[in-house]
Amino acid sequence: MSKKSTAPAGCPCGGPALATCCGPYIDGSAIAPTAEALMRSRYTAYGQRNEPYLLATWHASTRPTEPIMSDEEKVQWLGLEVKSALRLRQRKAENADLTTDTVEFVARFKINGRAQRLHEISNFVREPAAGGDLRWFYVDGSFPE
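Residues numbered from 1 in each chain as written. Predicted model: local features only at pLDDT ≥ 70, side-chain atom pairs only at ≥ 80, totals over all residues. Heavy atoms only, no water.

So, on to the packing of aromatic side chains. Applying the stated criterion across every chain yields a total of five aromatic pairs. Ring geometry for Tyr46 and Trp77: centres 5.7 Å apart, planes at 50°, overall tilted. Here Trp77 lies in strand E1 (residues 75–82) and Tyr46 lies in helix H2 (residues 35–48), a separation of 31 residues in the sequence. Seen from their ring centres, Trp58 and Tyr138 are 5.3 Å apart, and the 80° between their planes marks the pair as edge-to-face. (Phe/Tyr/Trp six-rings, centres within 6.5 Å; stacked < 30°, edge-to-face > 60°. Helix = DSSP H or I, 4+ residues; strand = E, 2+ residues; numbered from the N terminus.)

Quick look at the pattern of salt bridges now. In this structure the tally under the stated criterion is three salt bridges. The shortest N-O distance in the salt bridge between Arg40 and Glu36 comes to 2.9 Å. Remark: Glu36 and Arg40 occur in helix H2; sequence separation between them is four residues, near one turn of the helix. Taking the relative accessible area as the measure of exposure, Glu36 reaches 13% and is therefore buried. We note a salt bridge from Lys83 to Glu81, for which the minimum N-O separation is 3.5 Å. On the accessibility criterion, Lys83 (40% relative accessible area) is partly exposed. Here Glu81 falls in the partly exposed class, since its relative accessible area comes to 42%. (Salt bridge = Lys/Arg side-chain N within 4 Å of Asp/Glu carboxyl O. Buried < 20%, exposed > 50% of the residue type's maximum accessible area, 1.4 Å probe, protein only.)

All right, on to the sheet that holds strand E3 (residues 114–128) then. Pairing is antiparallel across the open sheet formed by four strands, whose spatial order is E1-E2-E3-E4. Looking at the sheet topology across the chains shown, the edges are occupied by E1 and strand E4 (134–142). With direction set aside, neighbouring strand axes in the sheet form an average angle of 35°. Bridging between E3 and E4 involves eight bridges; their strand directions are antiparallel. Paired with Val125 across the bridge in E4 is Phe137. Packed on one face of the sheet, H2 meets E1, strand E2 (100–111), E3 and E4 and runs near 165° to E1. (Pairing = 2+ DSSP bridges. Axes fitted to C-alpha atoms, helices over the stretch in contact; angles between N-to-C directions. Contact = heavy atoms within 4.5 Å.)

Right, let's get into unusual backbone geometry. The phi torsion at Arg49 lies on the positive side, around 60°, for a residue other than glycine. Mapped onto the elements of the fold, Arg49 is located in the loop between H2 and helix H3 (51–56). Look at Arg49 and you get partly exposed, because its relative accessible area is 39%. Positive phi is not limited to glycine here, since Asn112 has a value of about 50°.

Turning next to the nonpolar core. One finds Cys13, Met39, Leu80 and Phe124 to be the most contacted residues of the largest nonpolar core, which totals 26 residues. Taken together, the elements giving at least two residues each to this core come down to helix H1 (23–26), H2, H3, E1, E2 and E4. Per-element tally for this core: the top contributor is H2, with six residues. Once residues lying within four places of it in the same chain are set aside, the contact partners of Cys13 are Cys21, Cys22, Arg40, Tyr43, Thr44 and Leu80. (Core = buried A, V, L, I, M, F, W, Y, C linked by side-chain atoms within 4.5 Å.)

Printed below as a string of C-alpha cells:
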C-alpha cells in the first residue's frame, strides 16, 4: 500500500507550492515583483486555463481582443525552464528601478496529445496600473529557434 504525501504539490512553474509561489499573483493578493515572477505566474495561469489573469497581465498595447484559449484544443502543460534567471537576478540587483525586462524560457506542453516546445524571449514593461501600483505586464515575445 502506497502512502499519500501530505506535502503541498509543487507550483506548475517549478516553484515550491502554488500557495507560496504563483498563487498570490494569480488570485490578486500580491503583485509579481519581477518580470520573471510574472512570466512564471502566466505559465501557471495557462495551465489553469485562467484567461482573465492572462489578459489582465498582458500590456494594453498588444493584448488580444479575441479569446486566447479554445475548448477544442486540449493543452497539457508539462514543464517550464527559465533560461535567463541568473542573468536577470544579477541585473535586478544592479537596477531595482527597472521598467523593462526580458525573460527567456522553454515551456513544454502537449496539444491534443502531441508534444510541443515553446522557446521564447518575452518582453515585459513595468508601469502604473489601475490603482497606481507599479506592475509588470507581458508585451510580446520572439522565438530564437
